[in-house]
Amino acid sequence: MEKLLQYETVIIGGGASGIMAAITAARTGRKVVLLEKKEKLGKKILLTGNGRCNISNKFAKEDKRQVKHYFGNNPKFVMSVFNKFGYEETKEFFENLGVKFVEEDNGRMFPAGNQAQSVVDVLEYELRELNIKLINGAGVKEIKKIGNNKFAVKISDGRVFGTSKLIIATGGKTHEQTGSTGDGYEFARQFGHKIIETFPVYSGLNITKESDSKNFPLLHILQGTKLEAAITARIGSEVIAENTGTVMFAHYGLSAPGILEISREIAREFFLNEKKAEISLNFFPGKNAREVEEMIQRIWTNSPNRTLGFSLIGVLPKKVFPAILETAGMDPSKKVAEINKELRSKIAELLTGLTFQVDSVRGFEEAHFTAGGVDTKEVNPATLESKLQPGLFFCGEVLDIDGECGGYNLQWAWSSGFVAGSIN
Ligand SMILES: Cc1cc2nc3c(=O)[nH]c(=O)nc-3n(C[C@H](O)[C@H](O)[C@H](O)COP(=O)(O)OP(=O)(O)OC[C@H]3O[C@@H](n4cnc5c(N)ncnc54)[C@H](O)[C@@H]3O)c2cc1C
């Protein structure tokens, strides 16, 4: 039998939730070890908010009648966690560590220094102040049960840690270079936990020549162009998601926040039900085809000698309208005075409903969040302890909870880390 290094709390995963769990446990006087697979802590935190760390969102206070910003099979699961440690407590926690929150649009909070690295540095400093044993490069390879409620946790160099409280904070499986490779799901399965099927959230859409031969050429002509659009995603005739926001044409398909914000529904249908969506873009949000036709007519009446391709220069990015015309087989060099009613209506239809057939959704390597994970039905929402195995706890993205973009996922990691690390 290997020698057991005894700790009161063992935490697997040094991301946002694991670090918070470690600090919380150590502040209640526990002897804690934090085992992190990568050579550095918090690698995923560094990616958030484009390196500025979108640390929280002040609207991450959920109302029990309707949880608005979180998803999963049971989004209400977040309620009791947030009641114990919500946005206000998180703000206070960071302010006490010297990190001031600054608000940006839609309640998104950033550290005043605007650097994700400084958030990680401050947390690491606190771990050391609390004498938490922090081991980097410590990928957990095996967990064994000893007796009923004790665990032996073996890391890659062969050392084995014994504990009666084991917290799994291994994250999801996006951007695997950050260390999140889905190990936690296997650990959970080992104790009989059900894993709700995972899929990547907040990633772009692939459109191929095969999936959409009609409008595929536009992606190349307009590559890198961004514009505002009302976006509708359909499966057959059913609308599955709608949004208004920025769309970017990319070499592979469509991206940018307007698309990413509705990618969850599209990804769910694609990965779980093998259904492919159609995206329709209206470049004049709030206006229908008839209204756009009237607008075009007014512009054209004022400048009848302009060429068709040049005629909407003041209302759409320069390249967009000529590219749409050419792709639809219309001649952009025609004078607008020569365009008849039928063609004008067709153009208005195109500008308010340009469609793309999605081939696939980009995967975990690019997505920001993982939907699915450890089934929350089998976890006590008040403590985050497993209902199947006493002494085993979960926090963060490994659970079947994901939030909207905008600081909601990190808030879930801080809050659930606190609850899992607390003494129950
Ligand atoms: C590009 C990108 C941008 C994002 N932007 C935002 C944003 O702006 N706002 C927001 O709220 N959220 C954002 N997120 C999501 C947010 O970063 C995560 O939801 C959050 O960090 C999850 O924290 P976690 O502790 O659950 O997991 P993670 O941060 O993934 O941490 C898990 C840790 O466990 C370690 N680990 C895994 N397996 C083992 C093992 N076997 N042994 C030891 N250690 C192990 C990993 O190395 C990792 O360090 C973004 C994510 C990405 C990828």
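Remember, predicted model here, so these are calculated numbers, not experimental data.

Draft legend 1. Quick peek at the overall build of the protein chain. A count of helices and strands for the protein chain gives 12 helices and 23 strands. The principal-axis extent of the C-alpha atoms belonging to the protein chain is close to 85 × 40 × 40 Å. Out of the 424 residues belonging to the protein chain, those deemed buried represent 45%.

Draft legend 2. Inspection of the environment of F59 at higher detail. Tracing the chain through its elements places F59 in the loop between β4 (56-57) and β5 (70-71). F59 sits 84 residues away from I143 along the chain, and the two C-alpha atoms are 38 Å apart. Residues in contact with F59, not counting those within four places in the same chain, are H69 and G107.

Draft legend 3. Quick peek at the site of the ligand. Not every one of the 40 residues close to the ligand is listed here, only the nearest: G13, G15, G171, G179 and G396. No other element matches the four residues that helix α12 (residues 408-421) contributes to the shell around the ligand. Of the residues in the shell around the ligand, the class split is 12 nonpolar, 21 polar and seven charged.

Draft legend 4. The sheet that holds strand β19 (residues 354-357), seen in detail. Across the sheet, which stays open at both edges, the seven strands sit in the order β19-β18-β15-β16-β17-β14-β20 with antiparallel pairing between neighbours. Here the strands that pair on one side only, and so sit at the sheet edges, are β19 and β20 (360-361). Inspection of the sheet shows strand β14 (residues 205-206) paired to β20 by two bridges, in the antiparallel sense. Looking across to β20, one finds that L205 is bridged to V361.

Draft legend 5. Structural context of unusual backbone geometry. Even without being glycine, C53 reaches a positive phi, approximately 65 degrees. Within the secondary structure layout, C53 lies in the loop between β3 (32-36) and β4. The buried category is assigned to C53, around which 27 C-beta atoms lie within 10 Å. Unlike most non-glycine residues, Y202 shows phi in positive territory, near 70 degrees.

Draft legend 6. Expanded view of the domain arrangement of the protein chain. The assigned domain composition of the protein chain is domain 1 (4-198 + 367-421) and domain 2 (204-362). Broken down by class, the residue content of the side of domain 1 that touches domain 2 amounts to four nonpolar, no polar and one charged.

Draft legend 7. Structural detail: the pairing of strand β18 (residues 278-282). Of the strand pairs in this sheet, strand β15 (residues 226-235) and β18 are connected by five bridges, and their pairing is antiparallel. Note on β18: the bridge partner recorded for A233 is I279. In this structure, β18 lies alongside β19, joined through four bridges in antiparallel fashion. Looking across to β19, one finds that E278 is bridged to Q357.

Reading the values: rules and limits
Residues numbered from 1 in each chain as written. Predicted model: local features only at pLDDT ≥ 70, side-chain atom pairs only at ≥ 80, totals over all residues. Helix = DSSP H or I, 4+ residues; strand = E, 2+ residues; numbered from the N terminus. Buried ≥ 20, exposed ≤ 12 C-beta atoms within 10 Å, placed from the backbone. Contact = placed C-beta atoms within 7 Å. Near = placed C-beta within 6 Å. Nonpolar A, V, L, I, M, F, W, Y, C, P; charged D, E, K, R; others polar. Pairing = 2+ DSSP bridges. Domains from an automatic or database assignment.

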